[in-house]
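Survey of secondary and tertiary structure
Each chain, letter by letter, is given below.
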Amino acid sequence: MVKVKSYANIAIVKYWGKKDAEKMIPATSSISLTLNDMFTETEMEFINDEDIKIAVEKEIKKNRNCEDKFLGMTDLFYLNGELQDSVHTEKISKVVDLFRENRNQKVKISTTNNMPTAAGLSSSSSGLSAVIKACNELFEKNYTQSELAQISKFGSGSSSRSFFGPIAAWDKDTGEIYEVKTNLKLAMIVLVLNENKKKISSRNGMELCAKTSTYFDEWVKQSEIDFINMKKYLAENDFEKVGTLTEENALRMHKTTETANPPFSYFNEKTYETMDFIKNLRNNGEKCYFTMDAGPNVKVLCLEEDLEKLAGIFGEKYKIIVSKTVKL
Ligand code: ADP
Ligand code: DP6
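Quick notes on the site of ligand 1
Around ligand 1 sit 20 residues, and of these T111, G120, S123, S124 and K198 come closest. At a separation of 3.2 Å, an oxygen atom of ligand 1 approaches a polar side-chain atom of K91. For ligand 1, an oxygen atom lies 3.5 Å from a polar atom in the backbone of S122. In isolation ligand 1 exposes 570 Å². Once the protein is present, 91% of that is buried. For the shell around ligand 1, the element with the most residues is helix α3 (residues 123-138), which contributes five residues. The class makeup of the residues in the shell around ligand 1 is eight nonpolar, ten polar and two charged.

Below, the structure written as structure tokens:
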């Protein structure tokens, strides 16, 4: 059995849209922070048909009338202690296929996230990168971080950035995934406004926006400029510019949902209130900026030196996850 740990990342320049879904070429280049305190732990081992049969029978005994959900399973996938049905398992099986020689090499994956799953808190980035790391060990491939990142993007685009830290970039033109240097010590406070599973996944959301949003071409164009500028501001260690651009880029990404057909939004009322709260804090001299992904939760970008003070302020009002970045 192999055991691995992998970290979630949150983008400050967003990946939103695919230019070529088959080759996994993103429509936009992206930059993210890899977070030390938001992670997945994954165990993986080889199993046989009998192991699958026993596990499925046990599940069916627990939940009667669920036989159909587990039909035709060729691997076992336990997420946060629960055996996943064949649809969810097949998704992960396809990722494992990138490593195994044939489907007779069956695996059991047991994985836990320390953050809410599928709530826009980037469990897919730590989850999928963890599966890739586990496969690398179980199948004794010895791939480099760069090679693993390139494989991981086929599991989930954003997961590819979790192989580099504290800051990672994914360039849409060269396809490269690499560490971005800065002397800034960045950190994040995640404000958990809603832990429920989101209704529209990032994958479906970005596809709808790319296909139908009247703002999508503009988003892609502006994002090219954002990517260049963000790298410049990071190199210049200019936190104010990094923060301001983080907010602008996130709002632009979300504008593609409002202009999609049909229009939709990942935000709720609390998201808007929280953005205002952060702006007000800034007007009072605090150094903090917001960003949001495919969900209503708000992530606060700040400097590591202000983490304790800001965690105190946000902790009074919100459920928070406080995290420094991780050096990989
Ligand atoms: P999030 O905002 O949390 O990233 P997504 O909807 O983008 O939400 O992705 C959630 C999906 O990622 C899950 O339904 C599951 O398929 C996958 N996932 C999450 N955690 C793990 C994990 N620990 N191991 C494997 N896959 C995971
Ligand atoms: C809003 O990586 O979840 O978090 O490649 O289809 O699996 P797929 O999408 P995913 O999208 C992440 C979108 C985002 C922004 C980001 O992380 O850059």
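Structure's up, so let's keep going.
A few points about the site of ligand 2
In the vicinity of ligand 2 lie 17 residues, with Y15, K18, G157, S158 and R203 positioned nearest. K18 places a polar side-chain atom, nitrogen or oxygen, 2.6 Å from an oxygen atom of ligand 2. Between R203 and ligand 2, the recorded distance is 2.8 Å, taken from a side-chain N or O atom to an oxygen atom. Here the shell around ligand 2 takes three residues from helix α5 (residues 202-212), the largest share from any one element. Counting the residues that make up the shell around ligand 2, at least three belong to each of domain 1 (2-178) and domain 2 (185-324).

Quick word on the domain arrangement of the chain
According to the domain assignment, the chain consists of domain 1 (2-178) and domain 2 (185-324). Centre-to-centre, using C-alpha coordinates, domain 1 lies 24 Å away from domain 2. Counting from both sides, the interface comprises 35 residues of domain 1 and, opposite them, 45 residues of domain 2. Carbon and sulfur atoms supply 69% of the area that domain 1 and domain 2 bury against each other, a total of about 3100 Å² over both sides. Among the residues domain 1 hides against domain 2, the three largest losses belong to I12, K14 and W16. Together they make up 27% of the total. There are two salt bridges connecting domain 1 and domain 2.

Considering helix α1 (residues 49-62)
Between its first and last C-alpha atoms α1 spans 20 Å; for 14 residues at 1.5 Å apiece the expected length is 20 Å, and the two agree. All buried positions along α1 are accounted for by I52, A55, V56, E59 and I60. With its buried residues spanning 135 degrees around the axis, α1 presents them on a single face. Of the residues in α1, the exposed ones pointing more than 90 degrees away from the buried face are K58 and K61. Lining the buried residues of α1 we find β4 (30-47), β5 (76-79), β6 (82-83) and β7 (106-113).

What about unusual backbone geometry?
For the peptide bond that leads from G165 to P166, omega is 10 degrees, which places it in the cis range. Tracing the backbone shows P166 in the loop between α4 (145-152) and β8 (167-170). Here the bond from N261 into P262 is cis, since omega is 0 degrees, no more than 30 degrees from zero. Turning to its location among the elements, P262 is positioned in the loop between α7 (239-258) and α8 (269-283). Although it is not a glycine, M24 sits at a positive phi angle of roughly 55 degrees. For M24, a relative accessible area of 7% corresponds to the buried category. With phi around 50 degrees, E140 is a residue other than glycine that occupies positive phi space. Residue position: E140 is located in the loop between α3 and α4. Here E140 falls in the exposed class, since its relative accessible area comes to 69%.

The rules behind the values
Residues numbered from 1 in each chain as written. Chains lettered and ligands numbered in written order. Predicted model: local features only at pLDDT ≥ 70, side-chain atom pairs only at ≥ 80, totals over all residues. Heavy atoms only, no water. Near = heavy atom within 4 Å. Polar contact = N/O pair within 3.5 Å; in protein donor to acceptor, adjacent residues only side chain to side chain. Areas by Shrake-Rupley, 256 points an atom, 1.4 Å probe, with all protein chains shown as cover. Helix = DSSP H or I, 4+ residues; strand = E, 2+ residues; numbered from the N terminus. Nonpolar A, V, L, I, M, F, W, Y, C, P; charged D, E, K, R; others polar. Domains from an automatic or database assignment. Contact = heavy atoms within 4.5 Å. Buried area = accessible area lost by both parts, 1.4 Å probe. Salt bridge = Lys/Arg side-chain N within 4 Å of Asp/Glu carboxyl O. Expected span 1.5 Å × (residues − 1). Buried < 20%, exposed > 50% of the residue type's maximum accessible area, 1.4 Å probe, protein only. Arc of directions from axis to C-beta.

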